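Listed below are the residues making up each chain.
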Amino acid sequence: MARKKKTVELDREHEVAPGLVTKTKKRLVVASGRSHHTLAEDVATALGTQLVPTEYRTFASGEILTRFEVSIRGCDVFLVQSFGPPVNEWIMELLIMLDAAKRASAKRITVVAPYYPYSRQDKKGRGREPISGRLVADLLKTAGADRVMSVDLHAAQIQGFFDGPVDHLFAKPVLLEYFEQNLSGVDRSQLTVVSPDTGRVRVADTWSDSLGAPLAIIHKRRDPNVANQVTVNEIVGDVEGRVCLLVDDMIDTGGTIVKAAEALKANGALRVIVAATHAIFSDPATQRLQSEAIDEVVVTDTVPIPDDRRFPTLTVLPIAPLLARAIHEVFEDGSVTSMFNGAA
C-alpha cells in the first residue's frame, strides 16, 4: 500500500509553496573500498550495522569498477578508505566509489580516510613543486564528497584544502589510554616526552601536559635533495636516566625515529618507547624498528599492517571505536569537538 502523503496548499500570504510532505527517517550506511576492509568492518560493527554489499572489479587493463549491490538512495553514506600501498590505486578506487554513490542518489557522502594520502606534500618546499595534498582534496570534492574525516593530519592546514566540513580526529586518547594502563609507577616518575623534530613540538607538548612529564626536543636536519635521509644534530632537554616516549604522527621508513632513538640512548636514556598514529612501514622500516635502541613501538591500525611487517616489540591499537564514535556524532548532528575536550 502506498504511503499516505500530506498535501500542502499554496499560501502566498505566508510565502508557502504547494507540495507534498512525507515522513522520512535518516539512514546511516557504511561502505568500504578494498584498501583496509577489516577496519571498515570493525567500524560498522562498532556502529551496530554491516557494510554495504559492494562489487569490486579490476580489469586486465588495470581499470577499476565498483558497484553498490543495494540501493543507497537518500542515505547518509560514510565511505571508509585508508591509504597503504598501492596508494594511487586506492585513491582511484575511492574516486570511482564516490562517483557511484553520487549517481546512486546518496543524500550525503562522507569520506572516512583514517590516513590522508599525500599529506606530507602540503606546501611548496622548493620552486616548481606541487601541493599534492590540495590536489587530493580537489579530487574528492569533484568526485562527490560532501565531508572528509581523517585522523592526525600531518599538518592542520590540510583542513583548509577541502571546500567543505573536515573532521580532524586525534589518536592521542587511544594511545594515551594504553600508556596510562601499561606504564608502571616507576616509569611514570622517570618519563620524558620527546618530540622527534621541531615540527611536532606542539603535539609533544600536549602529551607532556597530559602525562605530567617534562619535554625534550630533538633537532634534526633533512637533506632536501635526498629522500628519507635524516641527521640528528642535538637534543634539547634532559634525557639521561629517563624513560623517553617519542611521539610522532607517522612512521614511514623509520629513519627519523631510529636516529632519534639512537641519539637518546647515546645521551643516557634508560628506555625508548615510540608512539605513532600511522604505521606506513615502507621498507626497510620493519628491520629498522627492531633496533636495540627502541624498546617498544605502539601504533594504531589506521593503515593495514601485514603480518610480514609486524615484529615482537610492536603493539597495534584499534582505531575503529574512535572512528565509529565520530561517525555517530556527525550522523546525529552532535559534536565531534566534544570528543577531544574542545581541541578538535
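Our subject is the structure listed above.
A short tour of the structure in this document, coming up.

1. As for the sheet that holds strand β8 (residues 147-151)
Pairing between the strands of a sheet is mediated by backbone hydrogen bonds and can be parallel or antiparallel.
So, step 1. Overall, parallel pairing links the 5 strands, which are arranged β3-β6-β7-β8-β9 in an open sheet. Each edge of the sheet is formed by a strand with only one pairing partner; in this case those strands are β3 (28-32) and β9 (166-169). The average angle at which neighbouring strand axes cross in this sheet is 20°, direction not considered.
So, step 2. Note: β3 against strand β6 (residues 76-80), 5 bridges, orientation parallel. Note on β6: the bridge partner recorded for Ser32 is Val80.
So, step 3. Together, β3, β6, β7 (108-113), β8 and β9 form the strand contacts of helix α9 (residues 320-331), whose direction differs from that of β8 by roughly 155°.

2. A short note on the pairing of β8
So, step 1. Burial runs high along β8: 5 of the 5 residues are buried.
So, step 2. What you see with β8 is no split at all: Arg147, Met149 and Val151 on one side and Val148 and Ser150 on the other are buried throughout.
So, step 3. In this structure, β7 lies alongside β8, joined through 4 bridges in parallel fashion. Bridging across to β8, Val112 finds its partner in Met149.
So, step 4. Crossover connection from β7 via helix α3 (residues 132-143) to parallel β8: handedness right-handed.

3. Overview of the packing of helix α2 (residues 87-103) against α3
For any two helices packed against each other, the geometry is given by the interaxial angle and the distance between the axes.
So, step 1. Taken N-terminus to C-terminus, the directions of α2 and α3 make an angle of 25°; their axes are 8 Å apart at the nearest point. When the axis of α2 is compared with that of α3, the two are roughly parallel. Of the residues in α3, those touching α2 at Leu94, Leu95, Leu98, Asp99 and Lys102 are Leu139, Leu140, Thr142 and Ala143.
So, step 2. Of the residues that constitute the contact of α2 with α3, the class distribution is 6 nonpolar, 1 polar and 2 charged.

Reading guide: rules and limits
Residues numbered from 1 in each chain as written. Predicted model: local features only at pLDDT ≥ 70, side-chain atom pairs only at ≥ 80, totals over all residues. Heavy atoms only, no water. Pairing = 2+ DSSP bridges. Helix = DSSP H or I, 4+ residues; strand = E, 2+ residues; numbered from the N terminus. Axes fitted to C-alpha atoms, helices over the stretch in contact; angles between N-to-C directions. Contact = heavy atoms within 4.5 Å. Buried < 20%, exposed > 50% of the residue type's maximum accessible area, 1.4 Å probe, protein only. Right-handed = clockwise from strand over helix to strand, strands pointing away. Parallel < 35°, antiparallel > 145°, perpendicular 65-115°, else oblique. Nonpolar A, V, L, I, M, F, W, Y, C, P; charged D, E, K, R; others polar.

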